[in-house]
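Next come the chains, spelled out residue by residue.
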Amino acid sequence: MKKIVAINASPRFNRNTGTLVREAAKGAESVGAEIEIIDLYRLEKFTGCVSCFGCKLPENPGKCICKDGLYPVLEKIRNADGIIIGTPNFLGNVSAGFHALYERLIFQKISYKTEPKNYCERKIPVLFIMTSNVSEDFYSRIGYDKMLENYKNSLDSMVGPTKIMVCGDTLQVDDYEKYGWSVFDPDAKKLRHEKVFPQEKQKAFLLGAELAE
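Residues numbered from 1 in each chain as written. Predicted model: local features only at pLDDT ≥ 70, side-chain atom pairs only at ≥ 80, totals over all residues. Heavy atoms only, no water.

1. Description of the overall build of the protein
- Looking only at helices and strands, the protein features seven helices and five strands.
- Helices and strands in the protein line up, N terminus first, as β-α-β-α-β-α-β-α-α-β-α-α.
- Principal-axis analysis of the C-alpha atoms places the extent of the protein at approximately 60 × 35 × 35 Å.
- Counting contacts in the protein only where the partners sit at least 6 residues apart, residues at least 24 apart contribute 78% of the total.
- Here the protein has roughly 11000 Å² of accessible surface; of this, 52% comes from carbon and sulfur atoms.
- The positive charge centre, built from 30 side chains, and the negative charge centre, built from 28, are 4 Å apart in the protein. (Helix = DSSP H or I, 4+ residues; strand = E, 2+ residues; numbered from the N terminus. Contact = heavy atoms within 4.5 Å. Areas by Shrake-Rupley, 256 points an atom, 1.4 Å probe, with all protein chains shown as cover. Lys, Arg positive; Asp, Glu negative; His and termini not counted. Charge placed at Lys NZ, Arg CZ, Asp CG, Glu CD.)

Structure representation (structure tokens):
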């Protein structure tokens, strides 16, 4: 049985990102995978890479030794057969929680040697989900596609073959009037969430199943 780790890197657990991560996990489970879902923002305190270089020592090659809230997550990934990870787009990038995990996940694999070039001994598939307020159509216009490409290239190299799913034009809150957000059309946002978001959930489900097959 394949083990899949599904990680929600959003501080909101059951909104757009968390929902899609869980749908992808259900897809993986539907083809027989064993699933563990992790909400990063529920973990004990953690940081990004602290540059201790412990992962470069002969006794710990390719293994992060910083024992905080992310340490057990990295261990679970090390023993997994695939990863599902989702993040909201915050200010044109990933969430702080995602980036902390990304630093720790990638840097531990860099060897700084001619041989081996890295410590990635076993590659596993990755499904990277990003949600955002702006539509997917804007990604190429404002450079978000390049940002995602950079993450994909690193994950491809140091973790395994990575597929990206973008879900844009999301419903951020249920009551837009509460915040006085006049640049949005709340009715259009809600209608899209009712009509299109279920399709996005199905897409995530199918991608999760594909990852685990």
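2. Some words on the sheet that holds strand S2 (residues 34-39)
- Pairing is parallel across the open sheet formed by five strands, whose spatial order is S2-S1-S3-S4-S5. Strands with a single pairing partner mark the edges of an open sheet, and in this sheet they are S2 and strand S5 (162-167). On average, each strand axis in the sheet is inclined to that of its neighbour by 15°, with strand direction left out of account.
- Direction of pairing for strand S1 (residues 3-8) relative to S2: parallel, over a ladder of six bridges. In the strand pairing of S2, Ala6 is matched with Ile37.
- Sitting on the sheet, helix H2 (residues 71-78) is in contact with S1, S2 and strand S3 (82-88), with an inclination near 145° to S1. (Pairing = 2+ DSSP bridges. Axes fitted to C-alpha atoms, helices over the stretch in contact; angles between N-to-C directions.)

3. Concerning a negative patch on the surface
- Taken together, the side chains of Asp175, Glu177, Asp185 and Asp187 present a region of like negative charge at the surface.
- Relative to the elements of secondary structure, Glu177 occurs in the loop between S5 and helix H6 (186-195). (Patch = residues over 30% accessible without salt bridge, like charges linked within 9 Å, V, L, I, M, F, W, Y side chains within 5 Å. Salt bridge = Lys/Arg side-chain N within 4 Å of Asp/Glu carboxyl O.)

4. With respect to the packing of aromatic side chains
- Within this structure, the stated rule accounts for 12 aromatic pairs.
- Through pairs of rings, three or more aromatic residues link up here, namely Phe98, Tyr102, Phe128 and Tyr151.
- The lysine or arginine in question, Lys56, covers the ring of Phe107, its NZ or CZ lying 4.0 Å from the ring centre.
- We note Arg141 situated over the ring of Phe138; from NZ or CZ to the ring centre the distance is 4.3 Å. (Phe/Tyr/Trp six-rings, centres within 6.5 Å; stacked < 30°, edge-to-face > 60°. Lys NZ or Arg CZ within 6 Å of the ring centre and 35° of its normal.)

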